Amino acid sequence: MSPTTSKYKGKLGGTASPVVSGSEKYMKQLQSPSVRKLFSENQTVQNLQVIHNLKKNYRHRKLFEIWAFVVAIVGLVLMLAENEVLMVADASSTPLSEALKTVVSISTAILLILIVCRYQSHTNIYKLQNIIPPTASMLSVFWPVLLLELIVCGFHIPPYLSGSLPILQFRHSLDSNENAICRHPKNLTTTIHDNACYLSYSYNYDTSVGYGDYAPVTYAGRGFLTCSGILGGLLILSLVQSIFFGALELTDNESRVKYIIDKTRWDKQRREAAVKLIQTQYRLKRQLHPRNGPVNQRAVDHLSLHLFECMEAMHKFVRGEPRNARTFEEEMDGHIGSLLRAMDDMKRDEDAILQRIQDKTRRLHAACDDILASTM
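Since we're looking at a predicted model, the values are computed, not measured.

**Q** Help me understand the packing of helix H4 (residues 95-128) against helix H5 (residues 138-153) in this model?
**A** Helices that pack against each other are described as a pair by the angle of their axes relative to one another and the distance between those axes. The interhelical angle for the contact between H4 and H5, taken along N-to-C directions, is 155°, at an axis separation of 11 Å. It follows from the interaxial angle that H4 and H5 lie roughly antiparallel. The element H4 and its partner H5 pack so that their crossing is right-handed. Across the interface between the two elements, Thr108, Leu111, Leu112, Ile115, Val116, Tyr119, Gln120, His122, Thr123 and Tyr126 of H4 pack against Met138, Phe142, Val145, Leu146, Glu149, Leu150 and Cys153 of H5. The residue inventory of the contact of H4 with H5, partitioned by class, reads 12 nonpolar, four polar and one charged.

If you want it as structure tokens, here you go:
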């Protein structure tokens, strides 16, 4: 028989009462006024909501960063494809290049939107962590960095804009004997190609260091070399950075050990500061006591100043107490544990009240039985 089927009390002749399952009973307990009052007193719901919002903003910021990286890589690939198209066509503009420029502009706009969303999530995280005021805005906090990043990431050649930048060289003269060679005043030989002169040098040794001897000529080879160069450089840099910062990052056990050491040192220094405070207060009271003769005002002023310094030092020690940063799982375990302990206390109180009611009921039944026995 399922737990939700109805059972009848045949012996007492009562009405049918459905058996409530465990989950339904638990939900009814959570909706009871006492549990709601408990939530409102210790602000458990508010704390859980803050933790949930913080986790959501962290997740959104990570997604914005990943998608911004993907869009930026796509834009770079499209720019390289546009350059290849213009080089093959040997023209300043083609319909295909204009289409690629349009796609690049769209990807750049998407990239800028993702950057703004990333900074907005970063601002929300700082607000939840009480690093910046709740009324602060993204532009008031990060506007210099945001503006610089938008300018750098948004720079591109828009569609339907093309041209050339001529570079004139006045120190070279074309050789009259051979049109392929242009002479420099210092007799340096340069090779002319189109409208430019390139320095050429011939050597008798048939050796080379290997730079540029083999180069990709197909689109697949150029694309592979470009992507592998960009992604490979980023991968190597990220790997070195992660190894370096990973070596500096403390593990959980090391953090706990460091917390214990800092806590022990802090307790010792706090006790020493408390002893100095008590000693200074005792000396000041002793100096002001009438039995010690006339009051030395200079000593009293000195002790009063020293007393305020000791009090300020104590306040600094209280504010600078070492704390062990707890992870999200530990925070959730702590809140759930406190909630379960409070519910256990409520259950014990209810059991105690029910036990007292049952005791009084038994005593009342016994008294009624005695009265009935005496009357009969």
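**Q** Whenever I open this one, the UniProt feature "transmembrane region" (unreviewed entry) in the chain confuses me. Can you help?
**A** Per the UniProt record, "transmembrane region" (unreviewed entry) is annotated on residues 63-80, 100-119, 131-157 and 223-248. Between the end C-alpha atoms of residues 100-119 the distance is 29 Å, and the span holds 100% helix and 0% strand. In residues 131-157, helix accounts for 59% and strand for 0%; the two terminal C-alpha atoms are 39 Å from one another.

**Q** Would you mind going over empty space enclosed by the protein with me for this structure?
**A** Gaps left between atoms are located by rolling a probe of water-molecule size over the structure's atoms. If you walk through the whole model with that rule in mind, you get one cavity of 30 Å³ or more. What the largest cavity holds in volume is close to 50 Å³. Around the largest cavity, the lining residues are Ile73, Leu76, Val77, Leu80, Cys227, Ile230 and Leu231. When residues of the lining of the largest cavity are traced back to their parent elements, those giving at least two are helix H3 (44-89) and helix H6 (219-248).

**Q** Hey, could you run me through the packing of aromatic side chains in this one?
**A** In this description, an aromatic ring pair is defined by two values, namely the gap between the centres and the angle between the planes. Tallied over the full model, the rule gives three aromatic pairs. Both rings, one in Tyr119 and one in Phe142, keep their centres 5.8 Å apart while their planes meet at 55°; by these two values the pair is tilted. Within this pair, whereas Tyr119 is found in helix H4, its partner Phe142 is found in helix H5, the two being separated by 23 residues in sequence. Taking the relative accessible area as the measure of exposure, Tyr119 reaches 6% and is therefore buried. Exposure remark for Phe142: the relative accessible area of 13% places this residue in the buried category. Centre to centre, the rings of Phe244 and Phe245 are 5.4 Å apart; their planes meet at 80°, and the pair counts as edge-to-face. Aromatic rings pair up to connect Tyr119, Tyr126 and Phe142 into one cluster.

Thresholds applied
- Residues numbered from 1 in each chain as written.
- Predicted model: local features only at pLDDT ≥ 70, side-chain atom pairs only at ≥ 80, totals over all residues.
- Heavy atoms only, no water.
- Axes fitted to C-alpha atoms, helices over the stretch in contact; angles between N-to-C directions.
- Helix = DSSP H or I, 4+ residues; strand = E, 2+ residues; numbered from the N terminus.
- Parallel < 35°, antiparallel > 145°, perpendicular 65-115°, else oblique.
- Left-handed = near helix turned anticlockwise from the far one by under 90°.
- Contact = heavy atoms within 4.5 Å.
- Nonpolar A, V, L, I, M, F, W, Y, C, P; charged D, E, K, R; others polar.
- UniProt positions renumbered as here; feature names shortened; annotations may be inferred.
- 1 Å grid on protein atoms, 1.4 Å probe; cavity = no way out; pocket = protein on both sides within 12 Å on 5 of 7 lines; lining within 4 Å.
- Points joined across faces, edges and corners; volume = space filled by probe spheres on them.
- Phe/Tyr/Trp six-rings, centres within 6.5 Å; stacked < 30°, edge-to-face > 60°.
- Buried < 20%, exposed > 50% of the residue type's maximum accessible area, 1.4 Å probe, protein only.

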